[in-house]
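If you want the building blocks of each chain, they are given just below.
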Amino acid sequence: YDAAYGGHTESLQIRWELKNRLGATPQILQDLSFSLEKQANCLHSLKHYEQALATYQECLPILERLQAALSYDEYSERIAKVKQDIADLEQSLNSPQPSQAGS
């Protein structure tokens, strides 16, 4: 996952640069949302839960913007998945850890 994370990070940097240079076109936003989602998935797999949560939260408004602009049903599934990932991470980050339960 470390190697994948490095690749996704590089891809994400390129996507942000394209967005800054060319503007927020639907194709650039779609590529950016995929890169953010993949990076968040890697962060989650690497157990960097707070960073994964922040990345999912960064991805969500882009997906919602794409769905509003393009009215594609495909975004509904991705939005629901990202919202569930956010809720799951928020719940696990706000739950007491097993080592803290007896303290």
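Above: the structure in question.
**Student:** How do you make sense of helix α3 (residues 49–70) when you look at a structure like this?
**Tutor:** Every α-helical turn comprises 3.6 residues, leaving residues that sit three or four positions apart pointing alike. With 22 residues, α3 ought to run about 32 Å at 1.5 Å a step, and its terminal C-alpha atoms sit 31 Å apart, in line with that. Structurally, α3 contributes buried residues whose contacts are with α2 (26–45) and α4 (74–94).

**Student:** So what exactly am I meant to see when it comes to the packing of α3 against α4 here?
**Tutor:** The geometry of a pair of packed helices is captured by two quantities: the angle between their axes and the separation between those axes. Viewed as axis vectors pointing N to C, α3 and α4 meet at an angle of 155 degrees, and their least axial separation amounts to 9 Å. The angle between the axes of α3 and α4 places the two elements in the roughly antiparallel class. For the element pair α3 and α4, the recorded crossing hand is left-handed. Judged by residue contacts, Tyr49, Glu50, Ala52, Leu53, Tyr56, Gln57, Leu60, Leu63, Glu64, Leu66, Gln67 and Leu70 of α3 engage Tyr75, Ser76, Arg78, Ile79, Val82, Lys83, Asp85, Ile86, Leu89, Glu90 and Leu93 from α4. Residues that form the contact of α3 with α4 fall into these classes: 14 nonpolar, three polar and six charged.

Conventions and cut-offs
Residues numbered from 1 in each chain as written. Predicted model: local features only at pLDDT ≥ 70, side-chain atom pairs only at ≥ 80, totals over all residues. Heavy atoms only, no water. Helix = DSSP H or I, 4+ residues; strand = E, 2+ residues; numbered from the N terminus. Expected span 1.5 Å × (residues − 1). Contact = heavy atoms within 4.5 Å. Axes fitted to C-alpha atoms, helices over the stretch in contact; angles between N-to-C directions. Parallel < 35°, antiparallel > 145°, perpendicular 65-115°, else oblique. Left-handed = near helix turned anticlockwise from the far one by under 90°. Nonpolar A, V, L, I, M, F, W, Y, C, P; charged D, E, K, R; others polar.

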